[in-house]
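Residue-level structural notes
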Amino acid sequence: MSKSENIIELIDVRKVFDDDTIAVDNFNLEVKKGEFVTFLGPSGCGKTTTLRMIAGFELPTSGKILLNGEDISRLPPNKRPVNTVFQKYALFPHLNVYENIAFGLRLKKIENTYANDKGEKYTKKEKLTKAEIDKKVKKALEIVDLEGFEKRSVSTLSGGQQQRIAIARAIVNEPEILLLDEPLGALDLKMRKEMQIELKNMHKRLGITFIYVTHDQEEALTMSDKIVVINDGDIQQTGTPTEIYNEPVNTFVADFIGESNIFNGTVVGNLKVKFCGATFDCLDDYEINQLVDVVVRPEDIKICKPGEGQLKGTVISSVFKGVHYEITVNVGKFEIIIQSTSTAPVRSTIGLRIEPDGIHLMKKVYTVNKYDGEITKNNTVKFGDGEFECDVTQLYHSSHLDEEGYLITASGEKVDLTGVEVSVEVDTNDIQMSDDKDAGGAHGNIISMIYKGDHYRYIVRTEENEEDYVLSCPDTWNTGDFVGIIIPKDKIKLTLKPAGDSK
């Protein structure tokens, strides 16, 4: 791709705040001229911080931000051809619509070229004339479809109209890039949907680059040319709305974008995958015996007579959603969501059929927790911001502990394990959570939960060094819960680190 196609490039951008919080990490992105790009992710994922770095309100800790190939990482905001629209509009209540839009123009100076009596050219910075300002303001009002509102007080406008004025004020300076930070967040649902279409139409008319921040997946899917899904300061996936929805790269994207049924699966043959106790044909080619995450969208499950589909289950609820019914079915120990234009009676038995193109496979990211650990003088192991009971005899074959707690090898050698560095592995099925934060060897907050048919996959993050524990649990907890981490002694696998592998 030639540089001229990209208006903005972010290269290895990282942002660390004064309290050592990593807001954005290893962020790499190319934005083409005229694209509508959306940063999509949950609150606190780093999307607004990234937008503010593009605008110049925040400086990256490391990495580069290029505008048309030039490094603008340290350039102040007023020197960048960028304007920002905020969620709270930031309109001046004491000025009417016209003066709000014209405010920036009155301060703006442009370079005009003149020639003296000798024909020598020189440049002079001058403010815009009243006629030039009037022309630009009226054009901006025309774009946002508010002609005739020039004399109105902004306090008399609806939320949608105020948002259009904020956009008009941003585009009147003719920026190369328009940044929009959750601009529709304060609007009601109907107005938000109308403004989504309006923004898309404005983008087409203006032809400039839009970079939009939202946590609303529908907004992203409706308006974007390209979606950048962000979580924990990292880009999870970049692609078109269709690519992001139909081909998510991991369970976070699949769960965050739209409704999903997510299951643990195993590839059992050529283009065959087993999940929910049945074998299905699929289109994704993985090695046999590969563990995978399986995504099936609710609209891709067809209701049929029992015995005619790959699965059979009992309907436990059917809720009308306006354009479809959302039907919940128990298939053995699994709970499956279906979206269908026809309902099914509660407690009835139905068949479920899933075609190969309705099944999407992803390489399983979380299979085991791995940590760097250290043995203590008490023969416990420290890892993941915690300390746990463990069996240190697994480090040496046929070893045992003497009465003083020293390890005795098979040859009779006495070994003091204090300070010995080890590699630690814990299966996701072997970790438990407790309401009592002191019940286990570590504690932290639940930062993620994804339902996988018969259990939830949780991620618990510690406070000190932000270590993660990934675990499977059938019980329902809440994101943000502060929990203790319990790992049975016999479920912690230890191996000695090779010589020279210490950090």
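Residues numbered from 1 in each chain as written. Predicted model: local features only at pLDDT ≥ 70, side-chain atom pairs only at ≥ 80, totals over all residues. Heavy atoms only, no water.

**Some details on helix H5 (residues 189-206)**
Taking 1.5 Å per residue, 18 residues should reach 26 Å; H5 reaches 26 Å between its end C-alpha atoms and fits that length. Where H5 is buried, its residues meet strand S3 (36-40), helix H3 (130-143), helix H4 (159-171), strand S9 (177-181), strand S10 (209-214) and helix H6 (217-223). After H5 finishes, the residue Gly 207 shows a positive phi value of roughly 75°. (Helix = DSSP H or I, 4+ residues; strand = E, 2+ residues; numbered from the N terminus. Expected span 1.5 Å × (residues − 1). Contact = heavy atoms within 4.5 Å.)

**Regarding the packing of aromatic side chains**
Overall, the coordinates contain 17 aromatic pairs when judged by the stated rule. Aromatic side chains Phe 92 and Phe 103 sit 4.7 Å apart centroid to centroid with 50° between the ring planes, which places their arrangement in the tilted category. Note that Phe 92 is positioned in the loop between strand S6 (82-86) and helix H2 (97-107) and Phe 103 in helix H2, a separation of eleven residues in sequence. Ring centres 5.0 Å apart and planes at 35° place the aromatic pair Tyr 371 and Phe 383 in the tilted group. Placement of Tyr 371 in strand S23 (residues 368-375) and of Phe 383 in strand S24 (residues 380-383) is noted, with a sequence separation of twelve residues between them. For Tyr 371, a relative accessible area of 8% gives the class buried. Assessed through its relative accessible area of 3%, Phe 383 is described here as buried. (Phe/Tyr/Trp six-rings, centres within 6.5 Å; stacked < 30°, edge-to-face > 60°. Buried < 20%, exposed > 50% of the residue type's maximum accessible area, 1.4 Å probe, protein only.)

**Looking at the side chain of Glu 150**
When you line up the elements, Glu 150 lands in the loop between H3 and H4. Buried charge Glu 150 goes without a salt bridge, the closest partner of opposite sign being Lys 138 at 5.5 Å. Only 3.2 Å separates the side chain of Glu 150 from the backbone nitrogen of Gly 148, close enough to count as a polar contact. (Lys, Arg positive; Asp, Glu negative; His and termini not counted. Salt bridge = Lys/Arg side-chain N within 4 Å of Asp/Glu carboxyl O. Polar contact = N/O pair within 3.5 Å; in protein donor to acceptor, adjacent residues only side chain to side chain.)

**Section: unusual backbone geometry**
Of note, Asn 26 is a non-glycine position whose phi angle comes to about 50°, a positive value. Note on placement: Asn 26 falls in strand S2 (residues 22-32).

**What to know about empty space enclosed by the protein**
Considering all chains together, one arrives at one cavity of 30 Å³ or more under this definition. Leu 51, Arg 52, Ala 55, Phe 57, Thr 84, Phe 86 and Asp 181 are the residues that line the largest cavity. Among the elements of the structure, helix H1 (47-55) and S6 are those that each provide at least two residues to the lining of the largest cavity. Per-element accounting of the lining of the largest cavity gives the leading share, three residues, to H1. Its residues assigned to classes, the lining of the largest cavity comprises four nonpolar, one polar and two charged. (1 Å grid on protein atoms, 1.4 Å probe; cavity = no way out; pocket = protein on both sides within 12 Å on 5 of 7 lines; lining within 4 Å. Points joined across faces, edges and corners; volume = space filled by probe spheres on them. Nonpolar A, V, L, I, M, F, W, Y, C, P; charged D, E, K, R; others polar.)

**Details of the state of the cysteines**
Under the counting rule described, the total for this entry stands at zero disulfides. For the unlinked cysteine Cys 282, the closest cysteine sulfur is that of Cys 276, found at 14 Å. A residue is classified by how much of its surface remains accessible, and Cys 282, at 4% relative accessible area, is buried. (Disulfide = S-S within 2.5 Å.)

**Points about the sheet that holds strand S19 (residues 325-331)**
Strand order in the open sheet formed by five strands is S17-S21-S18-S19-S20, with antiparallel pairing between adjacent strands. Looking along the sheet, the strands with just one partner apiece sit at the ends: strand S17 (301-304) and strand S20 (334-340). Strand-to-strand, the axes of this sheet are offset by a mean angle of 45°, without reference to chain direction. (Pairing = 2+ DSSP bridges. Axes fitted to C-alpha atoms, helices over the stretch in contact; angles between N-to-C directions.)

**What to know about the pairing of strand S11 (residues 226-231)**
Regular strands place side chains that alternate from one sheet face to the opposite one. Counting buried positions along S11 yields five of six residues, so the element is predominantly enclosed. By the bridge criterion, four bridges tie S3 to S11 in an arrangement that is parallel. Note on S11: the bridge partner recorded for Phe 39 is Val 228. The pairing of S11 with strand S12 (residues 234-239) spans five bridges and is classified as antiparallel.

**Comments concerning the pairing of S20**
Among the seven residues in S20, five count as buried, and that is most of the element. Strand direction decides the pairing type here: S19 and S20, joined by seven bridges, are antiparallel. Note that in S20 the partner of Tyr 325 across the bridge is Ser 340. Hairpin connection from S19 to S20: two residues lie between these consecutive antiparallel strands, with Gly 332 at a positive phi of about 65°.

**Observations regarding the nonpolar core**
Soluble globular proteins tend to pack their nonpolar side chains together in the buried interior. Core analysis: the largest hydrophobic core is formed by 38 residues, its most contacted members being Ile 101, Val 137, Ile 165, Ile 167, Leu 178 and Leu 199. For this core, the elements supplying multiple residues, two or more each, are H2, H3, H4, S9, H5 and S10. Looking at this core, the element that brings in the most residues is H4, giving six residues. Those residues within four positions of Leu 199 in sequence are excluded, and the remaining contacts are Phe 36, Ile 167, Leu 180, Leu 184, Phe 210, Tyr 212 and Met 223. In terms of nonpolar packing, the next biggest core, distinct from the first, is built from 30 residues, Phe 383, Leu 417, Val 426 and Tyr 458 among them. (Core = buried A, V, L, I, M, F, W, Y, C linked by side-chain atoms within 4.5 Å.)

**Brief notes about the pattern of salt bridges**
This structure, assessed with the given rule, holds 21 salt bridges. Here Asp 232 and Arg 461 are joined by a salt bridge, their closest N and O atoms 2.5 Å apart. With Asp 232 in the loop between S11 and S12 and Arg 461 in strand S32 (residues 456-461), the pair connects residues that are 229 residues apart, well separated along the chain. By relative accessible area, Asp 232 is classed as partly exposed at 36%. Salt-bridge contacts for Asp 372 lead to Lys 497; the nearest nitrogen and oxygen are separated by 2.9 Å. With Asp 372 in strand S23 and Lys 497 in the segment after strand S35 (493-496), this pair connects stretches of sequence that are 125 residues apart. Residue Asp 372 is classed as partly exposed on the basis of its relative accessible area, which comes to 42%.

**A few points about H3**
Here H3 spans 20 Å end to end across 14 residues, near enough to the 20 Å set by a 1.5 Å rise per residue. Three or more residues of H3 are buried, namely Ile 133, Val 137, Ala 140, Leu 141 and Ile 143. Projected down its long axis, H3 carries its buried residues within an arc of 155°, all on one side. Facing away from the buried surface of H3 by more than 90 degrees, the exposed residues are Ala 131, Lys 135, Lys 139 and Glu 142. Contacts from the buried residues of H3 go to H2, H4 and H5. Just beyond H3, the residue with positive phi is Asp 145, at close to 60°. (Arc of directions from axis to C-beta.)

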